[in-house]
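What follows is each chain in one-letter form.
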Amino acid sequence: MNGIGKNLKRIRLLKNLSLKEAGNLLNMSATAVSKYEKGEILPDSQKLIEFANAYEVKSIDLLKVYNVPKMKFTSFRKKKRLTGRNLELLEELIQDEVAKYLEIIEMNTINTNNIKLKKYSCNSFEEAEKAANEFRNQIKISKKQPLSDLINILENLGIIIIQIKNPDNRFDDFDGLSEIVNNVPVIVLLDGIKDGARQRFTIAHELGHLVLNINNEELDQEKLCNRFASALLMPKEAVINEFGISRRNINFFELTAFKNEFKVSYAAIVYRLKDLNIISEHLYKTLSIFLSQRIGKNDPKPIQPEISYQFKKLVYKLEADEIISLNKACELLGVTADEYNNEDNNY
């Protein structure tokens, strides 16, 4: 599939059109549309205009070409409901965003060979806990201290954080993805997550997939990565320091204070307390019921989500150094020239 063919397919999927529906718009067969998308037929300038008009996009949108890397999608977390066109589109969008990011890294002459993530042997929950502590040691952050800006910490290690837009909530069943692409560690999650606690736990979980070396196929990798994420965001020493070794009851104010300090959810806190045997199974269930009644499924006062500035920063640097044009910078960021020039007013 060539670059233009990929663009034709991606935009068709964005428009939520089947091959047959696209063919009806273009007065051609579904087979012909498929051949254009696969690169078996190359569209001339007139045909490109016809595609652009049918899909209500600019012709230039069909000509943007990136060197799209091959991805395995092995650590791709989703619910079973995410299938068909939506799944196909999501994978296309992820590959395009990764391709753009890798292009920007290359143009900034960043040496990706220097990006080395240490791997930790993990064949039990205890080893997942130990790996989280060792990772904290690696980044020189105390086991009693919150990770105040997880995205910034990981980006400084060379990890790419990509947040995929969610048009019409079509990707609500996507949880996250992590993969090494062209020697660069990548974490992908949805954009627009309003609860920063959920966002941070997802990122920490995907980091687990990148750094844990799980050799036993009988182990549940997702549960091990959850334990890694929980221990990374809420180290045992910090939890004991805040709540003590053993408790018969927990006040809601204590949970709220810890939530705000460590930027984690109420549910994650009480589950961590149970995991560390600070509270009993009975108290865990009691607190879970209480929290469900008190705050419901969505926290009315959620933690603010973290923001990644890295990609945008690299694009602005290239444009300032005149390595890329203003038009290219706008294309990469998906903004107009006015939006690009007025960006400073947003901060």
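Residues numbered from 1 in each chain as written. Predicted model: local features only at pLDDT ≥ 70, side-chain atom pairs only at ≥ 80, totals over all residues. Heavy atoms only, no water.

Quick notes on the overall build of the protein
In terms of helices and strands, the protein carries 16 helices and six strands. With the principal axes as the frame, the protein shows a C-alpha extent of 75 × 45 × 45 Å. Expressed as a percentage of the 347 residues in the protein, the buried residues total 48%. Counting contacts in the protein only where the partners sit at least 6 residues apart, residues at least 24 apart contribute 70% of the total. In the protein, 50 positive and 48 negative side-chain charges are present, and the distance between their average locations comes to 5 Å. (Helix = DSSP H or I, 4+ residues; strand = E, 2+ residues; numbered from the N terminus. Buried < 20%, exposed > 50% of the residue type's maximum accessible area, 1.4 Å probe, protein only. Contact = heavy atoms within 4.5 Å. Lys, Arg positive; Asp, Glu negative; His and termini not counted. Charge placed at Lys NZ, Arg CZ, Asp CG, Glu CD.)

Comments concerning the pairing of strand β3 (residues 160-164)
In terms of burial, β3 is largely enclosed, as four of its five residues are buried. With five bridges connecting them, β3 and strand β5 (residues 184-190) associate as parallel partners. Residue pairing across strands places I164 opposite L190, the latter belonging to β5. (Pairing = 2+ DSSP bridges.)

Observations concerning the packing of helix α1 (residues 3-14) against helix α3 (residues 30-38)
Two quantities define a packed helix pair, namely the angle between the axes and the distance from one axis to the other. Running from amino to carboxyl end, α1 crosses α3 at an angle of 125°, the nearest separation of the two axes being 6 Å. Between α1 and α3, the angle is such that the two are oblique. Between α1 and α3, the residues in contact are G5, K6, L8, K9 and R12 and V33, Y36 and E37, respectively. The residue makeup of the contact of α1 with α3, split by class, is three nonpolar, one polar and four charged. (Axes fitted to C-alpha atoms, helices over the stretch in contact; angles between N-to-C directions. Parallel < 35°, antiparallel > 145°, perpendicular 65-115°, else oblique. Nonpolar A, V, L, I, M, F, W, Y, C, P; charged D, E, K, R; others polar.)

Observations regarding the state of the cysteines
The full count for this structure, using the stated rule, is zero disulfides. In this structure C122 is not part of a disulfide, and its nearest cysteine sulfur, from C225, lies 7.6 Å away. Residue classification places C122 among the buried residues on the basis of a relative accessible area of 0%. (Disulfide = S-S within 2.5 Å.)

Notes on the pattern of salt bridges
By the definition in use, this model includes 23 salt bridges. Close ionic contact of E21 with R85 constitutes a salt bridge, the shortest N to O distance being 3.9 Å. Of this pair, E21 sits in helix α2 (residues 19-26) while R85 sits in helix α5 (residues 84-107), and the two are 64 residues apart along the sequence. We classify R85 as partly exposed; its relative accessible area is 32%. In this structure, R77 engages E206 in a salt bridge whose closest nitrogen and oxygen atoms are separated by 2.6 Å. You can see R77 sitting in strand β1 (residues 76-78) and its partner E206 sitting in helix α8 (residues 196-211), a full 129 residues away along the chain. On the basis of relative accessibility, which here comes to 0%, the residue E206 falls in the buried class. Beyond isolated ion pairs, a larger network of salt bridges with shared partners links K6, K9, E88 and E92. (Salt bridge = Lys/Arg side-chain N within 4 Å of Asp/Glu carboxyl O.)

Digging into the packing of aromatic side chains
This structure, assessed with the given rule, holds eleven aromatic pairs. Between Y316 and Y340, the aromatic rings sit 4.3 Å apart at their centres with planes inclined by 5°, giving stacked as the arrangement. Of this pair, Y316 sits in helix α14 (residues 310-320) while Y340 sits in helix α16 (residues 337-341), and the two are 24 residues apart along the sequence. Site record: aromatic cluster; members linked through ring pairs are Y36, F51 and Y55. (Phe/Tyr/Trp six-rings, centres within 6.5 Å; stacked < 30°, edge-to-face > 60°.)

These figures come from the coordinates and say nothing about function on their own.
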